[in-house]
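Fold and geometry: a report
So you can see what is in the structure, the chains are spelled out below.
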Amino acid sequence: LPKSVSLIIPVFNEEDNVRPLFGQLQSILAAIDRPCEVIFVDDGSRDATSQRLAEVVASDDRFLVVQFRRNYGQTAAMQAGFEA
């Protein structure tokens, strides 16, 4: 089934916010009666954001991560999310 709701979230150095955001999003998605996906785009974070994202998305197949090697900015991150 194609996804009817796609949410793209660019992140940069957000290690402390990944888990709380993931929990909130899971609650919201549970209330939506449609196929959904959440695409995190890590825009070259230099902290533990990528590790936190890997941990949380491993537990829910509605979530995925696009990883940049360096910071390209929000526009590039959004474009990568659209392409994903």
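Since the model is a prediction, treat every value here as computed from it, not as a measurement.

1. Quick look at the packing of helix α1 (residues 18-31) against helix α2 (residues 49-57)
The relative placement of two packed helices is expressed as an angle between their axes plus a distance between the axes. At a closest axis distance of 9 Å, the pairing of α1 and α2 adopts a crossing angle of 30 degrees. Taken together, α1 and α2 sit at an angle that is classed as roughly parallel. Judged by the twist between their axes, the crossing of α1 over α2 is right-handed. Taken together, the residues of α2 that come into contact with α1 (itself represented by V18, R19 and F22) are T49, R52, L53, E55 and V56. When its residues are assigned to classes, the contact of α1 with α2 shows four nonpolar, one polar and three charged.

2. Comments concerning the nonpolar core
If you look at the biggest cluster of nonpolar residues, it comprises 13 residues, and the most contacted ones within it are I9, L25, V38, F40 and F63. Looking at this core, the elements with two or more residues in it are β1 (5-11), α1, β2 (36-42) and α2. Excluding residues within four positions of it along the chain, L25 makes contact with L7, I9, V38, F40 and F63. Listed in part, the seven residues of the second largest apolar core include I39, V41, A77 and A80.

Definitions and cut-offs
- Residues numbered from 1 in each chain as written.
- Predicted model: local features only at pLDDT ≥ 70, side-chain atom pairs only at ≥ 80, totals over all residues.
- Heavy atoms only, no water.
- Axes fitted to C-alpha atoms, helices over the stretch in contact; angles between N-to-C directions.
- Helix = DSSP H or I, 4+ residues; strand = E, 2+ residues; numbered from the N terminus.
- Parallel < 35°, antiparallel > 145°, perpendicular 65-115°, else oblique.
- Left-handed = near helix turned anticlockwise from the far one by under 90°.
- Contact = heavy atoms within 4.5 Å.
- Nonpolar A, V, L, I, M, F, W, Y, C, P; charged D, E, K, R; others polar.
- Core = buried A, V, L, I, M, F, W, Y, C linked by side-chain atoms within 4.5 Å.
- Buried < 20%, exposed > 50% of the residue type's maximum accessible area, 1.4 Å probe, protein only.

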